Amino acid sequence: MVALLCSIFWLLPLVWIFLNSFKPYNDMMQDFLGLPGEWKLDMYVETWTKFQFPQLIANTLLYTAGTVLMVVLLAPMAAYKLARTKSRCSTFCLIVIILPMMVPFQSYMITLTKLVAGVGLAGNRLGYILVSIGLCMPLAVYMIHGFIKNVPMELEECAYIDGASPVRIYFEIVLPLLKPVLTTVLVLDTLATWNDIITNQLIVGGKRKAMNIQTALFMQFSAQTSDWEHALPGIVMSMVPALVFFMVMQKHIMEGITAGAVKG
């Protein structure tokens, strides 16, 4: 019962966003909690055109796919090497990698922006993707590193005795066992990159061609203007892909956890 009440309380803001996305500005301000007088898609169509949503979706998909692909490819390799190498150097490298997790992003975001601008990557898509990879990598390496430490070393030793190379051991034995944690990393990094605002603003700035959906919506608000009529339909359209992705991947997360438990 408590969980149900908490779920309803958490969903209420989303319900109000959806309802008010169909209202004109005056109706929204006068009766924010009420139902729309007419269920028309006019504002959705207008928002789709005004914000150039196809371009925004393409940018956001590019950022999300590029970031997640590189993290899922590189993080397991780094975590596996660090977990299987018992030395002070590997411990030091692990600490350096996960150090950004221990420091608030706000404390180094200005320095990061100046560094990106200094190497000529500010204001373009490549610069933002590289920064996103760097920000997502520490948590991914930390999670995978802890998971690999629980994988029995005997599996790799048996394969090595049978003549398997280190590369084959990694791809055919270790990597399949990482499915549960890789699925979790995939979901977390996808949602984080898709919904990112701060980093995209810092790296891309005001260049509309390189903005993601969330930054383009946020730019409609300032001290002088508040374009709620277009912002709310835009928010709803930006949430749909993320919600669909989460619902689809939720099944795979549960399957991965079950498979990992059985293998353990």
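Residues numbered from 1 in each chain as written. Predicted model: local features only at pLDDT ≥ 70, side-chain atom pairs only at ≥ 80, totals over all residues. Heavy atoms only, no water.

Describing the packing of aromatic side chains
The tally for this structure, following the rule as stated, stands at 10 aromatic pairs. Ring geometry for Tyr63 against Tyr128: centres 4.6 Å apart, planes inclined by 75°, an arrangement best described as edge-to-face. Residue Tyr63 is located in helix H4 (residues 53–84), and its partner Tyr128 is located in helix H7 (residues 125–148); the two are separated by 65 residues in the primary sequence. Considered together, Tyr63 and Tyr128 belong to a single accessibility category, that of buried residues. (Phe/Tyr/Trp six-rings, centres within 6.5 Å; stacked < 30°, edge-to-face > 60°. Helix = DSSP H or I, 4+ residues; strand = E, 2+ residues; numbered from the N terminus. Buried < 20%, exposed > 50% of the residue type's maximum accessible area, 1.4 Å probe, protein only.)

Notes on the pattern of salt bridges
This model, assessed by the stated rule, comprises 3 salt bridges. Across the pair Glu38 and Lys40 runs a salt bridge whose closest N-O atoms are separated by 3.6 Å. A relative accessible area of 42% places Lys40 in the partly exposed class. In this structure, Arg84 and Glu156 form a salt bridge, with 2.7 Å as the shortest nitrogen-oxygen distance. In this pair, Arg84 sits in helix H4 while Glu156 sits in helix H8 (residues 153–161), placing the two residues 72 residues apart along the sequence. On the accessibility criterion, Arg84 (21% relative accessible area) is partly exposed. (Salt bridge = Lys/Arg side-chain N within 4 Å of Asp/Glu carboxyl O.)

A few points about unusual backbone geometry
The phi torsion at Gln52 lies on the positive side, around 50°, for a residue other than glycine. Summarising the element assignment, Gln52 is placed in the loop between helix H3 (42–50) and H4.

A word on the nonpolar core
Within the largest apolar cluster, 50 residues are counted, with the highest numbers of intra-cluster contacts made by Leu56, Val71, Ala75, Val141, Ile144, Ile148 and Leu178. Beyond its immediate chain neighbours, meaning those up to four positions away, Ile148 contacts Pro76, Ala79, Tyr80, Ala83, Arg84 and Leu178. (Core = buried A, V, L, I, M, F, W, Y, C linked by side-chain atoms within 4.5 Å. Contact = heavy atoms within 4.5 Å.)

Observations concerning a nonpolar patch on the surface
Residues Leu99, Met101, Met102, Val103, Leu139, Tyr142 and Leu188 make up a contiguous nonpolar surface patch of about 630 Å² in total accessible area. Considering each element in turn, the nonpolar patch owes the most residues, 3 residues, to helix H5 (residues 88–102). Within the element layout of this structure, Leu99 appears in helix H5. According to the relative accessible area criterion, Leu99 is partly exposed, its value standing at 41%. (Patch = residues over 30% accessible without salt bridge, like charges linked within 9 Å, V, L, I, M, F, W, Y side chains within 5 Å. Areas by Shrake-Rupley, 256 points an atom, 1.4 Å probe, with all protein chains shown as cover.)

Here we look at the packing of H4 against helix H10 (residues 179–194)
One way to put it is that H4 packs onto H10 with a least axis distance of 9 Å and a crossing angle of 150°. If you check the angle between H4 and H10, you find them roughly antiparallel. Seen from above, H4 lies across H10 with right-handed handedness. Contact residues: Thr60, Leu61, Tyr63, Thr64, Thr67, Val68, Val71, Val72 and Pro76 in H4; Leu182, Val185, Leu186, Asp189, Thr190, Thr193 and Trp194 in H10. Of the residues that constitute the contact of H4 with H10, the class distribution is 10 nonpolar, 5 polar and 1 charged. (Axes fitted to C-alpha atoms, helices over the stretch in contact; angles between N-to-C directions. Parallel < 35°, antiparallel > 145°, perpendicular 65-115°, else oblique. Left-handed = near helix turned anticlockwise from the far one by under 90°. Nonpolar A, V, L, I, M, F, W, Y, C, P; charged D, E, K, R; others polar.)

Re H5
The end-to-end C-alpha distance of H5, which contains 15 residues, comes to 20 Å, matching closely the 21 Å that a straight helix rising 1.5 Å per residue would cover. The sharpest bend along H5 comes to roughly 30°, located at Val96, with the proline Pro100 sitting one to four residues further on. Taken residue by residue, H5 has Ser90, Leu94 and Ile98 as its buried positions. Close packing links the buried residues of H5 with H4 and H7. (Expected span 1.5 Å × (residues − 1). Bend = angle between axes of the 7 residues up to and from the residue.)

Focus on H7
Look at H7: 33 Å from first C-alpha to last across 24 residues, which is about the 34 Å you get at 1.5 Å a residue. When the local axis directions of H7 are compared, the greatest deviation, roughly 35°, occurs at Met137, which is followed within four positions by the proline Pro138. If you check the start of H7, you find a side-chain oxygen 3.2 Å away from the backbone N of Leu126, and it comes from Asn124. (Polar contact = N/O pair within 3.5 Å; in protein donor to acceptor, adjacent residues only side chain to side chain.)

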